[in-house]
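Summary of structural features
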Amino acid sequence: MSLPKTLAEDVARNLVMVARLIDEEPEEAYAYARIALRLASRVAAVREAAGFAAYATQRYAEALAEFRAARRMTGSVELWPVMADCERGLGRPERAMAMAGEPEVQKLDKAGQVEMRLVAAGARRDMGQIDAAIVTLQSPELASNSAQPWTPRLRYAYADALLEAGREDEAREWFGKALEADKDGSTDASDRLAELDGVEFVDVLGDGEADEDAGDAAPRVDDTPAARDDAREAVSADEDLDEDLDDDQDGSADGPVKA
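Not measured: the values here are computed from a predicted model. (Residues numbered from 1 in each chain as written. Predicted model: local features only at pLDDT ≥ 70, side-chain atom pairs only at ≥ 80, totals over all residues. Heavy atoms only, no water.)

Attention now goes to the confidence of the model for the protein chain. Scored by pLDDT, the protein chain has a mean of 84; 77% of the residues are at 70 or more. Every residue in residues 233-259 is under pLDDT 50, and counting partners more than four places away or in other chains gives 45 contacts. (pLDDT = per-residue confidence, 0-100. Contact = heavy atoms within 4.5 Å.)

Below, the structure is given as structure tokens:
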């Protein structure tokens, strides 16, 4: 609402494309996010979308900068868990753990607090503290029989931690519970269960058919619209959008590390 109508529509179209592409084509989503950012860097929703697009492409330093900018603009703490996860992605699990103990966590809603617990457990595992990670995940939300949006991921993370600790029978039980709650297939709990049970999946296609299919699935090269290519070139040639990005990079010149 703070933008002129035509500009607002242009920005909105780019944000819609970010949302459509971020799961399947994160690099494409990132390109649209950069265009929106160039057009409206002072809009919090744009900074947040740019952060998630950078996060999806493992550009963790950039994502963290955008999330911090969005938080300054809105005063909201809802991005706190993903900001902590960016610290993990940058190879700084200790900072993620420190954030898990900050007062901001108490201001999160239930979903945000569960997400923060998942990030904290991941940070513990990053530091080799597998038993502490298991304890971190043990919570009323994990024990509850009621299925919430976060239930499959919480149970899955717990099962995965148990498996890493060598507690295979318990891990199998919790992968089963994760699968039971995972109506949308958001985890690969069924595959993990099959793996634990020694089930192997065999490709029923003949070699010739498989080779033919592989050819059909060759990477797309030339079907991107020219206008989109031009936009990417313009974005890559831009200088930093504003001083916020410089201030928030924390002096990190290293590439992102996969979480």
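Glancing now at the environment of Pro152. Relative to the helices and strands, Pro152 resides in helix H10 (residues 151-164). Classification of Pro152 as buried rests on a relative accessible area of 5%. It is 7.2 Å that separates the C-alpha atoms of Pro152 and Thr187, two residues lying 35 residues apart in sequence. (Helix = DSSP H or I, 4+ residues; strand = E, 2+ residues; numbered from the N terminus. Buried < 20%, exposed > 50% of the residue type's maximum accessible area, 1.4 Å probe, protein only.)

Now for the pattern of salt bridges. As enumerated under the stated definition, the model contains 20 salt bridges in all. Put simply, Glu115 and Arg153 hold a salt bridge, and the shortest N to O gap is 2.8 Å. Of the two residues, Glu115 sits in helix H7 (residues 110-126) while Arg153 sits in helix H10, which places them 38 residues apart along the sequence. Accessibility expressed as a relative area gives 27% for Glu115, which makes it partly exposed. A salt bridge links Glu164 to Arg125; its shortest N-O distance comes to 2.4 Å. Pair noted here: Glu164 is in helix H10 and Arg125 is in helix H7, with a separation of 39 residues, a long-range link. Owing to a relative accessible area of 47%, Glu164 belongs among the partly exposed residues under this scheme. (Salt bridge = Lys/Arg side-chain N within 4 Å of Asp/Glu carboxyl O.)

Before going further, it helps to examine the packing of aromatic side chains. Evaluated as defined, the whole model comprises 4 aromatic pairs. Ring geometry for Phe52 versus Phe67: centroids 4.9 Å apart, planes at 70°, classification edge-to-face. One end of the pair, Phe52, is in helix H3 (residues 44-56); the other, Phe67, is in helix H4 (residues 60-74), with 15 residues separating them in the sequence. Residue classification places Phe52 among the partly exposed residues on the basis of a relative accessible area of 32%. We classify Phe67 as buried; its relative accessible area is 0%. Geometrically, the ring pair formed by Tyr158 and Trp174 is edge-to-face, given 5.1 Å between the ring centres and 90° between the ring planes. Of this pair, Tyr158 sits in helix H10 while Trp174 sits in helix H11 (residues 168-181), and the two are 16 residues apart along the sequence. As far as burial versus exposure is concerned, Tyr158 and Trp174 are alike and both buried. Here the basic side chain of Lys177 rests over the ring of Trp174, its NZ or CZ set 4.1 Å away from the ring centre. (Phe/Tyr/Trp six-rings, centres within 6.5 Å; stacked < 30°, edge-to-face > 60°. Lys NZ or Arg CZ within 6 Å of the ring centre and 35° of its normal.)

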